[in-house]
Amino acid sequence: QVQLVESGGGLVQPGESLRLSCAASGSAFSINAMGWYRQAPGKQRELVASISRSDSINYADSVKGRFAISRDNAKNTLYLQMNSLKPDDTAVYSCNVLGTYYGSSRLWTYWGKGTQVTVSS
């Protein structure tokens, strides 16, 4: 079992910045990829950014140049730096991990509960 806990959300004005964190805990689990998703009211959940075990990074077109995903393997923590925030960025942001348990090839995925980001003037 893997547990993911997000933090860092809040209420900010347009143009300001936030840094989200996702702390992962568990054992005997090898991570293939981690990512940040978001879901706004009335909209589908979308992938914001992802990073693979080999450090391959992808961003949604809407956040390119503004957001940056990174990880600290020593701290088992995933980050999302969000700059130049817009009202359209308002959503619940959730952390996701994809990987395998040692000794098995079956893929597992886990989700955090999410953290609210609200951008409003």
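Residues numbered from 1 in each chain as written. Predicted model: local features only at pLDDT ≥ 70, side-chain atom pairs only at ≥ 80, totals over all residues. Heavy atoms only, no water.

Draft legend 1. Representation of the pairing of strand E5 (residues 46-52) in the model. Of all seven residues in E5, five are buried, a share of seventy percent or more. Pairing of strand E4 (residues 29-39) with E5, which is carried by six bridges, proceeds in the antiparallel orientation. Across the sheet, the residue bridging to Arg38 is Glu46, located in E5. Taken together, the three bridges between E5 and strand E6 (residues 57-59) define a ladder with antiparallel strand orientation. Considered in E6, the bridge of Ser50 is made with Asn58. Between the antiparallel neighbours E5 and E6 lie four residues, among them Asp55 with a positive phi of about 75 degrees. (Buried < 20%, exposed > 50% of the residue type's maximum accessible area, 1.4 Å probe, protein only. Helix = DSSP H or I, 4+ residues; strand = E, 2+ residues; numbered from the N terminus. Pairing = 2+ DSSP bridges.)

Draft legend 2. Representation of the environment of Asn83. Its place among the elements puts Asn83 in the loop between strand E8 (77-82) and strand E9 (91-101). Residue Asn83 is classed as partly exposed on the basis of its relative accessible area of 31%. Excluding anything up to four places from it in sequence, Asn83 contacts Glu16, Ser17, Arg66 and Phe67. (Contact = heavy atoms within 4.5 Å.)

Draft legend 3. Expanded view of the side chain of Asn96. Residue placement: Asn96 occurs in strand E9. By relative accessible area, which is 8% here, Asn96 ends up buried. Of note is the side chain of Asn96, whose polar atom sits 2.8 Å from the side chain of Thr109. In contact with Asn96, other than residues within four places in its own chain, are Leu4, Ala33, Met34, Gly35, Tyr37, Thr109, Tyr110 and Trp111. (Polar contact = N/O pair within 3.5 Å; in protein donor to acceptor, adjacent residues only side chain to side chain.)

Draft legend 4. How the structure looks around the packing of aromatic side chains. Using the criterion set out here, one finds four aromatic pairs in the structure. Taking 5.7 Å as the distance between ring centres and 80 degrees as the angle between the ring planes, the aromatic pair formed by Phe29 and Tyr110 counts as edge-to-face. Here the residue Phe29 occupies a position in strand E4, and Tyr110 occupies one in strand E10 (residues 107-111), the gap between them amounting to 81 residues. Of the two residues, Phe29 and Tyr110, neither departs from the other in class, the shared state being buried. Each member of the aromatic cluster is reached from another via a ring pair, and the members are Phe29, Tyr101, Trp108 and Tyr110. Sitting above the plane of the Tyr37 ring, Arg45 keeps its charged end 5.6 Å from the centroid. Above the plane of the ring of Trp108 lies Arg106, whose end atom (NZ or CZ) is 4.3 Å from the centre. (Phe/Tyr/Trp six-rings, centres within 6.5 Å; stacked < 30°, edge-to-face > 60°. Lys NZ or Arg CZ within 6 Å of the ring centre and 35° of its normal.)

Draft legend 5. View of the pairing of E4. As judged from the ten bridges shared by E4 and E9, these two strands associate in the antiparallel manner. Note that in E9 the partner of Ile31 across the bridge is Gly99. Where E4 hands over to E5, the hairpin turn is made up of six residues, of which Gly42 adopts a positive phi near 80 degrees.

Draft legend 6. Here's a closer look at the pattern of salt bridges. Using the criterion set out here, one finds five salt bridges in the structure. The shortest N-O distance in the salt bridge between Arg71 and Asp55 comes to 2.6 Å. Here Arg71, found in strand E7 (residues 67-72), pairs with Asp55, found in the loop between E5 and E6; they are 16 residues apart in sequence, far enough to count as distant. A salt bridge links Asp89 to Arg66; its shortest N-O distance comes to 2.8 Å. (Salt bridge = Lys/Arg side-chain N within 4 Å of Asp/Glu carboxyl O.)

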